[in-house]
Amino acid sequence: KGQMLKPPLMCAFSSEVTATSRHYVDRLFDPDPQKVLQGVIDMKNAVIGNNKQKANLIVLGAVPRLLYLLQQSSSSLELRTECAVVLGSLAMGTENNIKSLVDCHIIPALLQGLLCPELIFIEVCLRCLRTVFISPVTPVQLLYTDPTVIPHLMSLLSRSQRTQEYITQIFSHCCKTPEHQTVLFNHGAIQNIAPLLISPSYKVRMQALKCFSVLAYENTQVSMTLVNVLVDGELLSQVFVRMMQRDQPIEMQLTAAKCLTYMCRAGAIRTDDSCVVLKTLPCLVRMCSKEHLLEERVEGAETLAYLMEPDVELQRIASTTDHLVAMLADYFKYPSSVSAITDIKRVGHYDPIILSLDHDLKHAHELRQAAFKLYASLGSNDEDIRKKITETENMMDRIVSGLSESSIKVRLAAVRCLHSLSRSVQQLRTSFHDHAVWRPLMKLLQNAPDEVLVMASSTLCNLLLEFSPSKEPILESGVIELLCSLTQSDSPALRVNGIWALMNMAFQAEQKVKVEIVRSLGTEQLFRLLSDPDSNVLMKTLGLLRNLLSTRPHIDQIMSSHGKQIMQAVTLILEAEHSIEVKEQTLCILANIADGNTAKELIMTNDDMLQKIKYYMGHSNVKLQLAATFCISNLIWNEEDGSQERQDKLREMGFVDILHKLTQASDPNLCDRAKTAMQQYLA
């Protein structure tokens, strides 16, 4: 037992440290329990604040032995407690230390220890568990493996302020998924943790608050329950409002604002509630100002962006609070590359207490990401706010340079911001054109992760609208191939955007552009998209087809080369189970075909298709009746060659009787359309 394995990598440590470390580990194996206890206490004093010593002891195998002693029923309470303290101290070291502890199964051992009746031992085990669980390298799932653990932790909350602080901290770090939220909710997290919000201990109040923020995030069930919770006779939302007051620590103000934000976004608090408009929103705007730490400004801006994302009224209020739009411009004043930081340091205009270059860069990236997100949210609906944003100093240049930054998160946030601004006709015609935004956007589309592609291609859809001056240069840059490749993506969102952009491009386009689209996409892919399982993809593909089949020469040309396949696709869609919107769009395409000179023969010689049109003229939905009547109207139009024969054939098939009936329709549009068609017979 006394023999320890010599690890192979001894060269990593100086020999004297190793000798003393080895001595500490050897003492853990002494047959005299008193000497073992003294050995553990000496070890505790040796490792405090000494990362090298911690690493040595772990390599020399101290952890399995400490865990063995911790779990032995023959060990005294004092020995078991001291073992837990040393393990807690080892856990305070590097991430590698934590990995080693987790690999030695420290978590189940400590959770087992919580079943011991002595409070002092429970607290030490919890403290060590807390340290292990708050590390990013620990798999949080380990808290949920044994279903008895969560209810037991809930029952320990009443034991002491320490158990309250450690357990709530464990919960707030280990609640990462909707499943975790549900487990904690079902085991009474809300009732058990709510009273802790008025604990005399600041640490307990703070950890309880953090728990509520992670429980409520995007969770309607939790949020709806929280609204009705009383803490000492006061509504929970009012407790959160009190915690946002300016005299509270910033961390508390921010976390309370997050709780109310999440409850609001989950639909439990109205966006026009005074606790949102008069308390939460101003508190978050305040967090964006210069006097706060960089981390706080990042968190404040991101939370505010999330709060007002769906609500135009909150966007308007925020945009006029404390000069927010201008305040965010300061988020770009931090260097974006190592060279920029070192230059500033040489000149000495930068805060001298700098942790490290990496740390600065990380914050510079995070600040820009947060500012872009907040601008995106602010400008997502209101034209005046968008104008205010684009007129902020160098804003468009900042977005453009953001599109090519090294940090993927900054690129994503910049393209989100651009997308938000691209919803404005005014901006598309002015600042987007002036800054040739389409160039970096096209570059971004060459190879980027899906989430960036989705945003970038959505923005491109807007830049391809017919009134956008960027449409021409984009067309010349070979965008069609790129968009056609997006339509083959596994992601439905990318397929939608690819086809949507092509649809915008085909709108009132020249013949050569349409031909190029059909050639690049290929008929096979076009028909694959017409049977896409995603209804948005199908709708946009029909929109593309409708735009391709507009103006007679184009209709006739496309139908002469692809008529058979297009008619087949139309038949399949009209026969299948599809939404009213899809069928309406399909009948509109048919009406366009009916407007062609030669193309209309494809319908006239297809009795099955004529029967379908007849069926939809008598449908219960007015939109479908209108579209079907349009088809007939185009087929029988007088001024065109062969109209007499077509009129006769359709009369024989009973269409005149149907039109006559429709002239009595209650819907005025349908009634007019039928009358116009009837007049063709009378002329």
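For the protein chain, an unreviewed UniProt entry supplies the name Armadillo repeat-containing protein 8 and the organism Sander lucioperca.

## A few points about the overall build of the protein chain
Along its length, the protein chain carries 43 helices and two strands. Relative to its length of 683 residues, the protein chain is extended, with a C-alpha radius of gyration of 34 Å against a globular reference of 26 Å. On the principal axes, the C-alpha backbone points of the protein chain span a range of 115 × 60 × 60 Å. Relative to its full complement of 683 residues, the protein chain shows a buried share of 54%. Summarising the internal contacts of the protein chain: among those between residues at least 6 apart in sequence, 67% fall at separations of at least 24. Of the accessible surface of the protein chain, which amounts to about 30,900 Å², a share of 52% is contributed by carbon and sulfur atoms. For the protein chain, the separation between the mean place of its 67 positive charges and that of its 74 negative charges on side chains is 4 Å.

## Structural notes on the pattern of salt bridges
Tallied over the entire structure, the rule returns 28 salt bridges. The partner of R386 in a salt bridge is E383, and the shortest N-O contact between them spans 3.2 Å. A residue pair is termed a helical-turn pair when its members lie 3 or 4 positions apart in one helix, as R386 and E383 do in helix α23 (residues 383-390) at three residues. Each of R265, E309 and R416 takes part in one network of salt bridges that share partners.

## Observations regarding unusual backbone geometry
Excluding glycine, most residues fall at negative phi; most peptide bonds, likewise, are trans. A positive phi angle is found at D322, which is not glycine, with a value near 45°. Assignment of secondary structure puts D322 in the loop between α19 (312-319) and α20 (324-329). Classification of D322 as partly exposed rests on a relative accessible area of 45%. Not every positive phi belongs to a glycine, and Q508 is a case in point at roughly 50°. Take Q508: it is sitting in the loop between α32 (492-506) and α33 (511-521).

## Let's talk about the packing of helix α40 (residues 622-636) against helix α42 (residues 655-662)
Two numbers describe how α40 lies on α42: the axes approach to 12 Å, and their chain directions differ by 130°. By the angle between their axes, α40 is oblique relative to α42. Handedness of the crossing formed by α40 with α42: left-handed. For the pair α40 and α42, the contacting residues are Q625, T629, I632 and I636 in the first and F655, L659 and L662 in the second. Class assignment for the residues of the contact of α40 with α42 results in five nonpolar, two polar and no charged.

## Digging into the side chain of K373
When you line up the elements, K373 lands in helix α22 (residues 357-378). Overall, the relative accessible area of 18% leaves K373 in the buried class. One polar contact links K373 to E302, side chain to side chain, over a distance of 3.1 Å. Setting aside chain neighbours within four positions, we find K373 in contact with E302, A305, A413 and R416.

## Section: the confidence of the model for the protein chain
In this model, the protein chain carries an average pLDDT of 89, and 94% of its residues clear a pLDDT of 70 or more. The low-confidence segment residues 1-14, where pLDDT is below 50, has 17 contacts with residues more than four positions distant or belonging to other chains. Predicted confidence is poor over residues 341-356, with pLDDT under 50, and the contacts of this stretch with residues over four places away or in other chains come to 15 contacts.

## Digging into the nonpolar core
Inside soluble globular proteins, nonpolar side chains tend to come together where they are buried. Core analysis: the biggest nonpolar cluster contains 237 residues, and F240, L378 and L590 have the highest contact counts within it. If we skip the residues at most four places from it in the chain, F240 touches L197, L209, F212, A256, C259, L260 and M263.

Conventions used here
Residues numbered from 1 in each chain as written. Predicted model: local features only at pLDDT ≥ 70, side-chain atom pairs only at ≥ 80, totals over all residues. Heavy atoms only, no water. Helix = DSSP H or I, 4+ residues; strand = E, 2+ residues; numbered from the N terminus. Rg over C-alpha atoms; globule rule 2.2 N^0.38 Å. Buried < 20%, exposed > 50% of the residue type's maximum accessible area, 1.4 Å probe, protein only. Contact = heavy atoms within 4.5 Å. Areas by Shrake-Rupley, 256 points an atom, 1.4 Å probe, with all protein chains shown as cover. Lys, Arg positive; Asp, Glu negative; His and termini not counted. Charge placed at Lys NZ, Arg CZ, Asp CG, Glu CD. Salt bridge = Lys/Arg side-chain N within 4 Å of Asp/Glu carboxyl O. Axes fitted to C-alpha atoms, helices over the stretch in contact; angles between N-to-C directions. Parallel < 35°, antiparallel > 145°, perpendicular 65-115°, else oblique. Left-handed = near helix turned anticlockwise from the far one by under 90°. Nonpolar A, V, L, I, M, F, W, Y, C, P; charged D, E, K, R; others polar. Polar contact = N/O pair within 3.5 Å; in protein donor to acceptor, adjacent residues only side chain to side chain. pLDDT = per-residue confidence, 0-100. Core = buried A, V, L, I, M, F, W, Y, C linked by side-chain atoms within 4.5 Å.

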